[in-house]
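Breakdown of the fold
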Amino acid sequence: MSGHSDPVESADVIIVGAGPAGSSAAVHLARAGMDVLLLEKSTFPRDKVCGDGLTPRGVKQLHVLGIDTSSDDWIKNKGLRVVGGGVTLELPWPTLADFPDFGVVRPRRDFDDMLATLAVKAGAQLRLATNVTGPVIDEKTGRITGVEAKTENGVRRFAAPLVIAADGVSARVALGMGVGKRDDRPLGVAVRRYYTSPRADDDHLESHLELWDRTDPDKAKLLPGYGWIFGLGGGQVNVGLGMLNSSKAFGRTNYRQLLRTWLDGTPEEWGLREENASSEIGGAGLPMGFNRTPHYDRGLLLIGDAGGVVNPFNGEGIAYAMESAAIAAESVLQAHGRTGAAREAALHGYVDAMGRHLGSYYRLGGIFSTLIGNPRVMRAATSLGLPRKRLMYLVLKLLAGLYDESGGDWADKVIRTLNRAAPRV
Ligand SMILES: Cc1cc2nc3c(=O)[nH]c(=O)nc-3n(C[C@H](O)[C@H](O)[C@H](O)COP(=O)(O)OP(=O)(O)OC[C@H]3O[C@@H](n4cnc5c(N)ncnc54)[C@H](O)[C@@H]3O)c2cc1C
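Here is what the cut-offs are and how they apply
- Residues numbered from 1 in each chain as written.
- Predicted model: local features only at pLDDT ≥ 70, side-chain atom pairs only at ≥ 80, totals over all residues.
- Heavy atoms only, no water.
- Helix = DSSP H or I, 4+ residues; strand = E, 2+ residues; numbered from the N terminus.
- Contact = heavy atoms within 4.5 Å.
- Areas by Shrake-Rupley, 256 points an atom, 1.4 Å probe, with all protein chains shown as cover.
- Lys, Arg positive; Asp, Glu negative; His and termini not counted.
- Charge placed at Lys NZ, Arg CZ, Asp CG, Glu CD.
- Phe/Tyr/Trp six-rings, centres within 6.5 Å; stacked < 30°, edge-to-face > 60°.
- Lys NZ or Arg CZ within 6 Å of the ring centre and 35° of its normal.
- Expected span 1.5 Å × (residues − 1).
- Buried < 20%, exposed > 50% of the residue type's maximum accessible area, 1.4 Å probe, protein only.
- Pairing = 2+ DSSP bridges.
- Axes fitted to C-alpha atoms, helices over the stretch in contact; angles between N-to-C directions.
- Parallel < 35°, antiparallel > 145°, perpendicular 65-115°, else oblique.
- Left-handed = near helix turned anticlockwise from the far one by under 90°.
- Nonpolar A, V, L, I, M, F, W, Y, C, P; charged D, E, K, R; others polar.
- pLDDT = per-residue confidence, 0-100.
- Salt bridge = Lys/Arg side-chain N within 4 Å of Asp/Glu carboxyl O.

- As annotated in an unreviewed UniProt entry, the protein carries the name Geranylgeranyl reductase family protein and comes from Nakamurella sp. A5-74.

The structure is reproduced here in structure tokens:
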């Protein structure tokens, strides 16, 4: 579509970051025939600190892209096992019209490489080892007209009338455009580590709802968050924990120490001990509940972690990164065929579409995260809530965002009613 003029490389759209958000957006746009430049600071394969787990909501997005999940590369799970309050419950993923009934686990080292390769196959131009340092801004209009990046060949400029920021929690491009983080939205922190463990072939995602900080043995504290154990196959598990900023302990907790303390308390035969660790402990922030807005402004669209789209109920980010990519791609495609005010209207349509898609649900998530920041609510929830299977079924659907938009069963109706009652974030 658009021509290239040296030394500035140009395209219809620049996407910064080839994580799940950026690569998905690139697939959608390149398949539709747009000239896409996908800029990535690292080279593949690379690690990304993550739990590597996809609920059925994430699997749906893989299917949207036409990815075949039937091979052995995908370790499948049939539900969530919840451990807490002295009880263990296995909750099968629900049968729904809108989502498949299985989840998958796959290390991000493979997963992101696979998605970026798909983007290239679709026709996107992927530039690796291209570290975007900031936006190029038109002084007169304040609009973004491209980005500047450090590459192996020195500093390079890339030009496009539209830029999609998919650069993750660092959100460098958005910051360069003056779009800051919102303090009125929940934020999480999570750490993870790989271990060799006999639990590698687990067919459930397992979450531990009680995270006790026993740093001071006389004053054990129940923290708002959860720990996970996800089987990766091949003798490996991904183990980690995440916590919300709604508690007083946030910012004062040593997460790496907390992970060790928690794992030391798990049964010896699971093998989650120092000598079986197969990686360092890695950690990162979880930007939740739309904690960076507006999602569109002056030629720049924010998707994935760059737009703070992690689910505040459960810390799941891949599914929502990919959903935001699909929604943004739709607005970009609509804008591409228009000019002037009509073009801007299509782009602002992305903000509205994200609000319709997740705004009310994330408002509920914000309330939820504030509630579980209160230790008394947490204690009551883990000791009373868990034994009630019907309630847990509802909670599973709510926390994992697995409900039908129409039809469905009683639990879907309850969640839709809650969503209707909540104003959008
Ligand atoms: C410990 C932990 C566990 C988690 N577990 C899960 C889980 O089990 N399931 C789940 O669904 N979610 C999980 N999440 C959340 C999930 O990892 C993120 O929500 C998801 O990675 C967001 O995808 P993204 O594409 O928006 O960003 P990212 O995956 O962060 O990708 C951003 C990409 O942009 C590149 N980039 C960054 N800056 C620049 C730059 N300046 N120039 C060029 N390129 C750049 C990066 O190298 C990267 O490739 C977890 C998060 C953490 C921290």
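Describing the overall build of the protein
- For the protein, the count of helices and strands is 10 helices and 22 strands.
- Referenced to the eigenvectors of the C-alpha coordinate spread, the extents of the protein come out at roughly 65 × 50 × 40 Å.
- Contacts spanning at least 24 positions in sequence make up 70% of the contacts within the protein whose residues lie at least 6 apart.
- Total accessible area computed for the protein in this model is approximately 17800 Å², and 53% of it derives from carbon and sulfur atoms.
- Distance from the positive charge centre (50 side chains) to the negative charge centre (48 side chains) of the protein: 6 Å.

Focus: the packing of aromatic side chains
- In total, this model carries 10 aromatic pairs according to the counting rule given.
- Residues Tyr361 and Tyr362 carry aromatic rings whose centres are separated by 5.9 Å and whose planes lie at 35° to one another, so their mutual orientation is tilted.
- With a centroid separation of 6.0 Å and 45° between ring planes, the pair formed by Tyr393 and Trp410 is classed as tilted. A residue pair is termed long-range when its members are at least 10 positions apart, and Tyr393 in helix 9 (residues 389-399) and Trp410 in helix 10 (residues 410-421) qualify at 17 residues.
- For the cation-ring pair, Lys60 lies above Phe99, with the distance from its terminal atom to the ring centre recorded as 5.1 Å.

Section: helix 1 (residues 20-31)
- The terminal C-alpha atoms of helix 1 lie 16 Å apart, and with 12 residues this matches the ideal 16 Å at 1.5 Å per residue to within 8%.
- Counted residue by residue, helix 1 has 10 buried out of 12 residues, so it is predominantly covered.
- When helix 1 is considered as a whole, its buried residues turn out to be Pro20, Ala21, Gly22, Ser23, Ser24, Ala25, Ala26, Val27, Leu29 and Ala30.
- Where helix 1 is buried, its residues meet strand 2 (13-16), strand 3 (36-39), helix 3 (108-122), strand 13 (162-165) and helix 6 (318-336).
- Looking one or two residues beyond helix 1, the residue adopting positive phi is Gly33, at roughly 95°.

Concerning the pairing of strand 3
- Because side chains alternate across strand 3, one face comprises the buried residues Val36 and Leu38, and the other comprises Leu37 and Leu39, equally buried.
- Sheet analysis places strand 2 next to strand 3, joined by 4 bridges and oriented parallel. Counted as the bridge partner of Val16 is Leu39 from strand 3.
- Pairing geometry for strand 3 and strand 9 (residues 125-127), over 3 bridges, is parallel. Bridging across to strand 9, Leu37 finds its partner in Gln125.

Overview of the packing of helix 6 against helix 7 (residues 340-372)
- Across the interface, helix 6 lies against helix 7 with an axial gap of 7 Å and an inter-helix angle of 155°. It follows that helix 6 is roughly antiparallel to helix 7 by the angle criterion. Pair helix 6 / helix 7 crosses with right-handed handedness. Between helix 6 and helix 7, the contacting residues are Tyr320, Glu323, Ser324, Ile327, Ala328, Ser331, Val332, Gln334, Ala335 and His336 on the first element and Arg343, Ala346, Leu347, Gly349, Tyr350, Ala353, Met354, His357, Leu358, Tyr361 and Tyr362 on the second.
- Partitioned by chemical class, the residues of the contact of helix 6 with helix 7 number 13 nonpolar, 6 polar and 2 charged.

A look at the confidence of the model for the protein
- Averaged over every residue, the pLDDT of the protein is 92; residues scoring 70 or more account for 96%.
- Across residues 1-6 the pLDDT falls below 50, and counting only partners more than four positions away or on other chains, this stretch makes 15 contacts in the model.

Let's talk about the sheet that holds strand 11 (residues 144-151)
- The strand order 1-12-11-10 describes an open sheet built from 4 strands, whose pairing is mixed. Two strands in the sheet have a free side with no partner beyond their single neighbour: strand 1 (9-10) and strand 10 (131-137).
- As paired elements, strand 11 and strand 12 (residues 154-159) share 6 bridges and run antiparallel to each other. Paired with Gly146 across the bridge in strand 12 is Ala159.

A short note on the pattern of salt bridges
- One pass over the structure, following the stated rule, counts 24 salt bridges.
- The partner of Asp202 in a salt bridge is Arg199, with the nearest N and O atoms 2.8 Å apart. Of the two residues examined, Asp202 and Arg199, each falls in the buried class.
- Between Lys397 and Asp412 there is a salt bridge, and its shortest N-O distance comes to 2.7 Å. Of this pair, Lys397 sits in helix 9 while Asp412 sits in helix 10, and the two are 15 residues apart along the sequence. Both residues of the pair, Lys397 and Asp412, count as buried.

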